[in-house]
Amino acid sequence: MKNLLATRVKTLTPSSTLAITAKAKALKEQGIDVIGLGAGEPDFNTPQNILNAAIDSMEKGLTKYTPAGGLPVLKKAIIDKLQRDNNLSYQSNEVIVGVGAKHILYTLFQVILNEGDEVIIPIPYWVSYPEQVKLAGGVPVYVEGTREQSYKITADQLRAAVTDKTKAVIINSPSNPSGMIYSREELAELAAVAEEKDILIVSDEIYEKLVYNGIEHFSIAQLSDAVKARTIVVNGVAKSHSMTGWRIGYAAGDADIVKAMTDLASHSTSNATTTAQYATVEAYNGPQDAVEEMRQAFESRLEKIYPQLSAIPGFHVLKPQGAFYLLPDVAEAMAHTGYDSVDTFAADILTEANVAVIPGSGFGAPTTMRLSYATSLELLEEAVRRIDAFVKSKWQD
């Protein structure tokens, strides 16, 4: 039989976050007491007013196809949100609603990349960026933001990485997996390079609402009209409103790019789920109390669990400024416990300590692990106790 698979999918790397979560679930089904710190989703239910809006839309019979780019009423809600929260002004033809921010990014790369176009991806990165670029025929170009740089890249690094084939750079702030945030000044320096080299900026702002210790999120598109013109802002309600399963994300930017994305969506998804779109209208137009309550809960957990995790021998942890992840560098811990691979280290933490963490190899940072604190403080503290005992039981001077 002929080869059944297309060449483009043969190099795909499965999502490490989903793989670890699946393995942890399988162990739980065997009756093993596993604490999962892998999945990137809030542990709160979607706020009740949003649930009510979804039910109301269904009861009114609003269950049919919508325009491929999203309901007009939802586009308006997104435009109002961008103006209110980010002081950014967009028109309806500059906004597209999609099946989650992940699919928005996938669609974006499909319409902007030609074969061989390069996209600069800072390390550490969200696991799907490189795969989505490759699926669009693009070439990921990695630039490392070291721990000493707070896992952020500099303007000089960006400039050095740009070639004649560079099409775009991805900026994810707050970051998954590091939780670090680019300051306005740092963004201005990066934007200056993007303007100088005439490249697009893909600004992934999905964790925008989850920021701590008085730090404010700033969108790179806010810098100037010129920067805004070359920036595609990607966002959604998954993390901010605990709506991961509703699968609603959006992009705001250049009208020609948005039109191309909408045309592609018309031949792939038709439209994002209608009920979820009406729920998102309420998410943005309704009260935001629950958003702040969740943010405060995450911040409280961070303040309590950060020093405990930092106290584990060989764990070096930068305190995150946003999102809900901790990214300890565990190179020293591995060296003293006989491990030369973070994948094996994380696998044994799962099977021996019964705690599911994500190895940093999937984020381009193979001496780190990602731990999500989107779970109860009680479970977080127990997970840290287990990891601490695991490391100490294997420690060799």
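Let us look at the structure shown here. Each chain carries its own residue numbering, running from 1 in the written order of its sequence. Side-chain atom pairs in this predicted model are given and counted only at pLDDT of 80 or more, local residue features only at pLDDT of at least 70, and totals for whole chains, interfaces and linings cover all residues. Side-chain measures were taken over the full set of non-hydrogen atoms in the model, leaving aside hydrogen atoms and water.

1. Re the sheet that holds strand β6 (residues 200-204)
Move 1: Here a strand pair is declared whenever DSSP counts at least two bridges between the two strands. Strands are runs of DSSP state E lasting at least two residues, helices are runs of H or I lasting at least four, and both sets are numbered from the N terminus onward. The mixed open sheet is built from seven strands, whose spatial order is β2-β8-β7-β6-β5-β3-β4. The sheet is open, and its two borders are formed by β2 (95-98) and β4 (139-144), each paired with just one other strand. Averaged over all pairs of adjacent strands, the angle between their axes in this sheet comes to 20 degrees, without regard to strand direction.
Move 2: Taken together, the six bridges between strand β3 (residues 118-123) and β4 define a ladder with parallel strand orientation. From the neighbouring strand, V119 faces β4, where its bridge partner is P140.
Move 3: Running over the sheet, helix α5 (residues 128-135) touches β3, β4, β5 (166-172) and β6 and is turned about 150 degrees from β4. Helix axes are fitted to C-alpha atoms over the stretch in contact, other axes to C-alpha atoms as well, and angles between N-to-C directions run from 0 to 180 degrees. By definition, residues are in contact when any of their heavy atoms lie within 4.5 Å.

2. Some remarks on the nonpolar core
Move 1: Core analysis: the biggest nonpolar cluster contains 75 residues, and F109, F315, F345, M369 and I387 have the highest contact counts within it.
Move 2: What is meant by a nonpolar core is a set of buried Ala, Val, Leu, Ile, Met, Phe, Trp, Tyr and Cys residues, joined one to another through side-chain atoms within 4.5 Å. With a 1.4 Å probe rolled over the protein chains alone, any residue whose accessible area is under 20% of its type maximum counts as buried; one over 50% counts as exposed, and the rest are partly exposed. With 25 residues, the next largest nonpolar core counts A54, L71, L74 and I78 among its residues.

3. Here we look at a nonpolar patch on the surface
Move 1: Any residue with relative accessible area above 30% and no salt bridge may belong to a patch, with like charges joined within 9 Å and the nonpolar Val, Leu, Ile, Met, Phe, Trp and Tyr side chains within 5 Å. Per-residue and other accessible areas were derived by the Shrake-Rupley procedure at a 1.4 Å probe size, with only the shown protein chains allowed to occlude residues. The salt bridge criterion pairs a side-chain nitrogen of Lys or Arg with a carboxyl oxygen of Asp or Glu, the two atoms within 4 Å. A surface patch of nonpolar side chains, amounting to about 580 Å² of accessible area, comprises M1, L4, L5, V9 and L12.
Move 2: By relative accessible area, M1 is classed as exposed at 91%.

4. Structural notes on the packing of helix α2 (residues 48-59) against helix α10 (residues 274-285)
Move 1: Running from amino to carboxyl end, α2 crosses α10 at an angle of 140 degrees, the nearest separation of the two axes being 8 Å. Of the possible angle classes, the one that applies to α2 and α10 is oblique. Read as a crossing pair, α2 and α10 show a hand that is right-handed. Contacts from N49, I50, A53, A54, S57 and M58 of α2 reach α10 at T275, Y278, A279, E282 and A283. Roughly parallel means an angle under 35 degrees; roughly antiparallel means over 145; roughly perpendicular covers 65 to 115; every other angle is labelled oblique. Crossings are sorted by hand: turned counterclockwise from the far helix by less than a right angle, the near helix makes the crossing left-handed, and turned clockwise it makes it right-handed.

5. What to know about the sheet that holds strand β12 (residues 369-372)
Think of a sheet as strands paired side by side through backbone hydrogen bonds, with each pair either parallel or antiparallel.
Move 1: Taken together, three strands build an open sheet; the order of strands is β9-β12-β11 and the sheet is antiparallel. Of all strands in the sheet, those with a lone pairing partner are β9 (325-326) and β11 (358-359), marking the two edges.
Move 2: Bridge count between β11 and β12: two bridges; the pairing is antiparallel. Bridged to I358 within β12 is R370.

6. Concerning unusual backbone geometry
Move 1: Geometrically, the link from I123 to P124 is a cis peptide bond, its omega value of 0 degrees lying close to zero.
Move 2: One can find P124 in the loop between β3 and α5.
Move 3: With omega at -5 degrees, the peptide bond leading from S173 into P174 counts as cis.
Move 4: Structurally, the position occupied by P174 is in the loop between β5 and α7 (184-197).
Move 5: Positioned with a positive phi, S150 is a non-glycine residue whose angle comes to about 60 degrees.
Move 6: One can find S150 in the loop between β4 and α6 (155-161).
Move 7: A relative accessible area of 24% places S150 in the partly exposed class.
Move 8: Of note in the backbone geometry, N354 takes a positive phi value of approximately 60 degrees without being a glycine.
Move 9: Structurally, the position occupied by N354 is in the loop between α13 (342-353) and β10 (355-356).

7. Some thoughts on the pattern of salt bridges
Move 1: Enumeration over the complete set of coordinates arrives at 24 salt bridges.
Move 2: One salt bridge in this structure joins R386 and E382, with 3.0 Å as the shortest N-O distance. Taken as a pair, R386 and E382 lie in helix α14 (residues 377-394) at a separation of four residues, close to a single helical turn.
Move 3: Classification of E382 as partly exposed rests on a relative accessible area of 27%.
Move 4: Within this structure, K81, R84, D85, E208 and K209 form a network of salt bridges that share partners.

8. Digging into the pairing of β5
Move 1: With six of seven residues buried, β5 lies mostly within the body of the structure.
Move 2: Two elements, β3 and β5, share three bridges in a ladder whose sense is parallel. Paired with V119 across the strands is A168, a residue of β5.
Move 3: Pairing of β5 with β6, which is carried by five bridges, proceeds in the parallel orientation. Looking at β6, one finds that I170 is bridged to V202.
Move 4: The definition of a right-handed crossover adopted here requires that, viewed with the strands pointing away, the path from the first strand over the helix to the second runs clockwise. A crossover connection joins β5 to the parallel β6 through α7; in handedness this β-α-β unit is right-handed.

9. A closer look at the environment of N285
Move 1: With respect to the element layout, N285 can be found in helix α10.
Move 2: N285 sits in the partly exposed class, given a relative accessible area of 47%.

10. With respect to the side chain of E205
Move 1: Assignment of secondary structure puts E205 in the loop between β6 and α8 (225-229).
Move 2: Only four residue types enter the tally: Lys and Arg on the positive side, Asp and Glu on the negative side; His and the chain ends are excluded. No salt bridge is formed by the buried E205; the nearest opposite charge belongs to K81, separated by 6.3 Å.
Move 3: A distance of 3.1 Å separates the side chain of E205 from the side chain of H217, its partner in a polar contact.
Move 4: Excluding its chain neighbours within four sequence positions, the residues that come into contact with E205 are S173, H217, S219, I220, V233, V234 and N235. Counted as a polar contact is a pair of N or O atoms within 3.5 Å, where, for protein atoms, one must be capable of donating a hydrogen and the other of accepting one, and residues adjacent in sequence contribute only when both atoms are in side chains.

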